[in-house]
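An overview of the molecular structure
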Amino acid sequence: MNKQILLSTPHMGDRELEFVKEAFDTNWIAPVGPHVDAFEQEFCQVTGVSHAAALSSGTAALHLALQLIGVQSGDEVFCSTLTFVATANPITYLGAKPVFIDSDRTTWNMNPDLLREALFNRARTGKLPKAVVIVHLYGQSADIDPILEACNFYEIPLIEDAAESLGATYKERSPGTFGHIGIYSFNGNKIITTSGGGMLVSHDPELVAKARFLSTQARDPAPHYQHSSIGYNYRLSNVLAGIGRGQLRVLSDRVAARRRNFEIYASALGNLPGIEFMPEASFGHATRWLTCLTIDPTAFGADREQIRLVLAEQQIETRPVWKPLHLQPVFAESECIGGAVAEDLFAHGLCLPSGSNLTTEDLERVIQAMTAFHNHLQKTHTPLFIV
Ligand SMILES: *Cc1c(COP(=O)(O)O)cnc(C)c1O
């Protein structure tokens, strides 16, 4: 029986346990403490942002980001459609409505032309959104400059969901540090993890101070417990921040390992008919958090779902590319601007096992399974069945 090869699993370095032990030894077992402060400072050094607040999840960070920008019930927020549901859920926590925007083919991220056009049309009818949320998908930055330019022109704050793209670059800088607020995630499947956790960053110290305030139950400065606004319990634990400090020290190794996975897959599978890998945009460096490809079923002889099932039988976990949010039942009523590109990427896109801890043998098994399936299809001339 082969061991299971999973999509993306945690990969600890050498220092995490040391930092966790320090938290135990000093009894800082609380959502406050020296690791939380140090994790924030070290995160700023790594990403080049000025201020950061460590939180319990990326979703919590998005929730606070939207609230800090003033998103309220009835507002509209423009949001990438090709993403994980956690990008849009916090919009609805505040009673606001997401309006989804399609991707472009070169980055798989929000199409800047479509955004500019949509803002132009909305400005004419006086119905501009309260904020724009862009996603940096699968380790690749969106094309930030034209997006930021369009947002700035209409004075719409930009929130960057960089949950999947810590370690990437856009013109030598970290995606997540360009807009009003950026967020990151340290969930178990991300490039570095604290088991669960998130970070909210901004160049504006007041926004980040306010995020810390709201994340710790919005307690006014008074000797007794006094509250003038509604807060949340969203702060990161000092124990988990210790894990985060250890993980930050190996971030560049993790990026290199995931990029190496990609190189190995691309050179072994890139020539199979109908297979195309997610392109790397010229403006930066992708982390290849997940190696993603698209399958043209006519050329390959099987579609992405048939490939996924064949690999699953061999204990290899792959996943379809995110189902666009405008196709999700929960957002059936939401407006989407464009959508055909994201739909096509979902229909044909597959994510391969991509962990930084995969062995050469693991990668070889995935490659073997794909090529063997392709050879089998060629031999049997299996009549094509498109689902
Ligand atoms: C993982 C993820 C999130 C949510 O982060 P959590 O820490 O799991 O709450 C948000 N957006 C995207 C694009 C993600 O991949």
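Details of the structure are given in the entry above.
Residues numbered from 1 in each chain as written. Predicted model: local features only at pLDDT ≥ 70, side-chain atom pairs only at ≥ 80, totals over all residues. Heavy atoms only, no water.

Brief notes about the overall build of the chain
- Scanning the chain from terminus to terminus reveals 13 helices and 14 strands.
- Here the C-alpha radius of gyration of the chain, 22 Å, is about what a compact globule of 387 residues would show, namely 21 Å.
- Overall, the chain is about 80 × 60 × 35 Å in size when its C-alpha atoms are taken along their principal axes.
- Counting only residues that meet the buried cut, the chain has 56% of its 387 residues in that class.
- Contacts in the chain between residues far apart in sequence, at least 24 positions, make up 72% of those at least 6 positions apart.
- By element, 53% of the accessible surface of the chain is carried by carbon and sulfur atoms, the whole surface being about 16,600 Å².
- Taking the 30 positively charged and 41 negatively charged side chains of the chain as two groups, their mean positions are separated by 3 Å. (Helix = DSSP H or I, 4+ residues; strand = E, 2+ residues; numbered from the N terminus. Rg over C-alpha atoms; globule rule 2.2 N^0.38 Å. Buried < 20%, exposed > 50% of the residue type's maximum accessible area, 1.4 Å probe, protein only. Contact = heavy atoms within 4.5 Å. Areas by Shrake-Rupley, 256 points an atom, 1.4 Å probe, with all protein chains shown as cover. Lys, Arg positive; Asp, Glu negative; His and termini not counted. Charge placed at Lys NZ, Arg CZ, Asp CG, Glu CD.)

Focus on the packing of helix α5 (residues 112-125) against helix α6 (residues 144-153)
- Between α5 and α6, the least distance of the axes is 9 Å, while the angle of their chain directions is 10°. The orientation of α5 relative to α6 falls into the category roughly parallel. Where α5 approaches α6, its residues P112, L115, R116 and L119 are matched on the opposing element by P146, I147, A150 and C151.
- Looking at the contact of α5 with α6 residue by residue, the classes come out as seven nonpolar, no polar and one charged. (Axes fitted to C-alpha atoms, helices over the stretch in contact; angles between N-to-C directions. Parallel < 35°, antiparallel > 145°, perpendicular 65-115°, else oblique. Nonpolar A, V, L, I, M, F, W, Y, C, P; charged D, E, K, R; others polar.)

Comments concerning the site of the ligand
- For the ligand, the set of nearby residues contains 15 residues, the closest of which are T59, E164, S185, N187 and K190.
- Here an oxygen atom of the ligand sits 2.7 Å away from a polar atom, N or O, in the side chain of E164.
- Between N187 and the ligand, the recorded distance is 2.7 Å, taken from a side-chain N or O atom to an oxygen atom.
- Contact with the protein chains removes 95% of the 380 Å² of surface that the ligand exposes when unbound.
- One can see that the ligand is located within the largest pocket.
- Along the lines of polarity and charge, the residues of the shell around the ligand split into four nonpolar, eight polar and three charged. (Near = heavy atom within 4 Å. Polar contact = N/O pair within 3.5 Å; in protein donor to acceptor, adjacent residues only side chain to side chain. 1 Å grid on protein atoms, 1.4 Å probe; cavity = no way out; pocket = protein on both sides within 12 Å on 5 of 7 lines; lining within 4 Å. Sits in = over half its atoms within 2 Å of the grid points.)

Topic: helix α7 (residues 205-215)
- Of the positions making up α7, those classed as buried are L207, V208, A211, L214 and S215. Seen along its axis, α7 keeps its buried residues to an arc of 125°; they face one direction.
- Those residues of α7 hidden inside the fold are in contact with β1 (51-55), α3 (58-69), β7 (181-185) and β8 (198-202).
- Capping the start of α7, D204 holds a side-chain oxygen 2.9 Å from the backbone nitrogen of E206, two or three residues further along.
- Looking one or two places after α7, you find Q217, whose phi comes out positive at around 70°. (Arc of directions from axis to C-beta.)

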